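Letter by letter, the chains look like this.
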Amino acid sequence: MRVLLVGAGGVGTAITRIAARRPFFESMVVADYDRGRAEAAVAAVDDARFTAERVDASDEAAVAGLLVRHRCDVLLNATDPRFVMPLFRAARTAGAGYLDMAMSLSRPHPERPYEECGVRLGDEQFALAEDWEKAGALALVGMGVEPGLSDVFARYAADELFDEIEEIGVRDGANLTVDGYDFAPSFSIWTTIEECLNPPVVYEAGRGWFTTEPFSEPEVFDFPEGIGEVECVNVEHEEVLLVPRWVDARRVTFKYGLGREFIDTLKTLHLLGLDRTEPVTVPGPDGPVAVSPRDVVAACLPDPATLGERMRGKTCAGTWVRGTRDGAPREVYLYHVVDNEWSMAEYGCQAVVWQTAVNPVVALELLATGVWSGAGVLGPEAFPARPFLDLLTEYGSPWGMREQ
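What you see is a predicted model; the values in this text were computed from it and never measured.

Novice: Tell me what's going on with the layout of surface pockets, and back it up with residues and numbers.
Specialist: Estimates place the volume of the second largest pocket at around 350 Å³. Looking at the second largest pocket, it is lined by 16 residues, and the ones nearest its centre are P108, E194, N198, D275 and R294. Element by element, the count of residues in the lining of the second largest pocket is highest for helix α8 (residues 189-197), at three residues.

Structure follows, in structure tokens:
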């Protein structure tokens, strides 16, 4: 397998360090708008299979040309969601497969944003599914940790743990702190704003997908391995759009453990219009300059990839499932915990980006070895879960299950 990795930020860099320990691929081209960042990621692994390139992720023709020039079999997208569609189309143009960790962006319903869906996450990609299927090509979408591993857990629960499922609820929480910062998100603030301030989506059988107010339905969830109780709220996330396509459940939700201070900060950004992506004009030394307020916020915060040495604690991604088995009620939480001290010592990557990065590498290995295969635009739920979970454990990062 020959891979084009687009994006050499925190997650992209972690991908190179994880993949360098595995023999399943022939080569990996690491491409970024900042060539120096791509070169740094390649230099750190000291492996002849890796090479660095510069590419603008929004330039479909340039990305397609890079895929053809390096004879790549698959494009692995490690950029933020703004670039999903140009990279998705470039892969199809070049005849390559495609894998991402976040799906095409949503747009709220123009009149009833907190009741009805407008354009949903992934709609633009699924609209092109027939093209991929006819070509016999695979686009594996939402294959990070959340979405990704959480969806694998949902499929595993349906296949091996339950006869009927009442509810699947992805629950994400952490006890991470960052020394020296009052506010320092451990993941891309651009993506965090997008998923937390958009109307959350809920799925119910018979009703389909609908939306609620941001940060709705707060609940306290007890996370394992010493993390403890964290208040979780509804946010927009791909699992709710993916799971019901392949797994039979009466209700699907996603709740994120953000904490009151984090929520209040996001609300303030929204109140001031600093979550907007549309450029505003501001004075500059050489005249007026158009800038995106959200990009300004991102530029004012520390790069999450650089926070590892200051971070303390653990992060947990998991899927809570409630239903019946052999006629009796059952409730489980399937989870994956990463300790920042371990990920920094073992890979030099902070826990959140490492946990995101390991899952697409596992998926690539399953595809390269033929354990997973398919055509069209498919989510993680479309594939058998057990091989993925076994291989994740082989990577040195086991998962857990708790009966509730």
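Novice: Give a description of the packing of helix α7 (residues 149-161) against helix α14 (residues 385-394) that names residues and reports values.
Specialist: One can describe the packing of α7 onto α14 by two numbers: an axis separation of 9 Å at closest approach and a directional angle of 125°. The orientation of α7 relative to α14 falls into the category oblique. Our pair here, α7 against α14, has a crossing hand that is left-handed. Note on element contacts: α14 touches α7 through A385, R386, F388, L389 and L392, opposite L149, V152, F153, R155, Y156 and E160. Of the residues in the contact of α7 with α14, the class split is eight nonpolar, no polar and three charged.

Novice: Quick one: what's the story with the environment of V30, residue by residue and with numbers?
Specialist: Structurally, V30 is set in strand β2 (residues 27-32). The exposure class of V30 is buried, given its relative accessible area of 0%. As a C-alpha pair, V30 and F50 span 20 residues in sequence and 7.0 Å in three-dimensional space. When residues no more than four places from it in sequence are discounted, the contact partners of V30 are L5, A8, T16, A38, A41, V42, F50, T51, A52 and E53.

Novice: Give a detailed account of the packing of aromatic side chains, specifying residues and quantitative values.
Specialist: One pass over the structure, following the stated rule, counts 19 aromatic pairs. Here the aromatic rings of Y156 and W399 are separated by 5.4 Å at their centres, their planes lie at 70°, and the arrangement is edge-to-face. Highlighted residues: Y156 in helix α7 and W399 in the loop between α14 and β20 (400-403), separated in sequence by 243 residues. One aromatic cluster is present, formed by F221, F223, Y333 and Y335 through successive ring pairs. Against the face of Y347 rests R21, its NZ or CZ located 3.9 Å from the ring centre. R245 extends its terminal NZ or CZ atom over the ring of F126, reaching a point 3.8 Å from the ring centre.

Novice: Before we move on, could you go through the environment of V152 and cite the residues and values that matter?
Specialist: With respect to the helices, strands and loops of the structure, V152 is situated in helix α7. Put simply, V152 and F83 are 69 residues apart on the chain and 24 Å apart in space, counted from C-alpha to C-alpha.

Novice: An account of a nonpolar patch on the surface is needed here, citing residue identities and associated values.
Specialist: On the surface, L271, L272 and L274 cluster together into a nonpolar patch covering about 320 Å² of accessible area. Structurally, L272 is set in the loop between α10 (260-271) and β14 (280-282). According to the relative accessible area criterion, L272 is exposed, its value standing at 58%.

Novice: Before we move on, can you summarise helix α2 (residues 35-45) with the specific residues and values?
Specialist: Turning to α2, its buried residues are A38, A41, V42 and V45. Down the axis of α2, the sector holding all buried residues measures 95°, keeping them to one side. By the N-cap criterion, in which a side-chain oxygen at the helix start approaches the backbone nitrogen of a residue two or three places on, α2 is capped by D34, the distance to G36 being 3.0 Å.

Novice: Hey, could you go over the pairing of strand β4 (residues 74-77) for me, with residue numbers and the actual values?
Specialist: Across the two faces of β4 the burial is the same, with V74 and L76 and L75 and N77 all buried. In terms of strand pairing, strand β1 (residues 2-6) meets β4 through four bridges, oriented parallel. Looking at the pairing, V6 lines up with N77 of β4. Two strands pair when backbone bridges link them, and β4 and strand β5 (residues 97-100) are joined in this way by four bridges, in the parallel orientation. Of the residues in β5, the one forming a bridge with L75 is Y98.

Novice: Any chance you could break down empty space enclosed by the protein for me, citing the residues and the numbers?
Specialist: Under the defined criterion, the tally for this structure stands at one cavity of 30 Å³ or more. Roughly 80 Å³ of volume is contained in the largest cavity. Looking at the largest cavity, it is lined by 17 residues, and the ones nearest its centre are S106, G118, V119, T211 and E236. Taken together, the residues of the lining of the largest cavity break down into eight nonpolar, five polar and four charged.

So, how was this worked out
- Residues numbered from 1 in each chain as written.
- Predicted model: local features only at pLDDT ≥ 70, side-chain atom pairs only at ≥ 80, totals over all residues.
- Heavy atoms only, no water.
- 1 Å grid on protein atoms, 1.4 Å probe; cavity = no way out; pocket = protein on both sides within 12 Å on 5 of 7 lines; lining within 4 Å.
- Points joined across faces, edges and corners; volume = space filled by probe spheres on them.
- Helix = DSSP H or I, 4+ residues; strand = E, 2+ residues; numbered from the N terminus.
- Axes fitted to C-alpha atoms, helices over the stretch in contact; angles between N-to-C directions.
- Parallel < 35°, antiparallel > 145°, perpendicular 65-115°, else oblique.
- Left-handed = near helix turned anticlockwise from the far one by under 90°.
- Contact = heavy atoms within 4.5 Å.
- Nonpolar A, V, L, I, M, F, W, Y, C, P; charged D, E, K, R; others polar.
- Buried < 20%, exposed > 50% of the residue type's maximum accessible area, 1.4 Å probe, protein only.
- Phe/Tyr/Trp six-rings, centres within 6.5 Å; stacked < 30°, edge-to-face > 60°.
- Lys NZ or Arg CZ within 6 Å of the ring centre and 35° of its normal.
- Patch = residues over 30% accessible without salt bridge, like charges linked within 9 Å, V, L, I, M, F, W, Y side chains within 5 Å.
- Areas by Shrake-Rupley, 256 points an atom, 1.4 Å probe, with all protein chains shown as cover.
- Salt bridge = Lys/Arg side-chain N within 4 Å of Asp/Glu carboxyl O.
- Arc of directions from axis to C-beta.
- Polar contact = N/O pair within 3.5 Å; in protein donor to acceptor, adjacent residues only side chain to side chain.
- Pairing = 2+ DSSP bridges.

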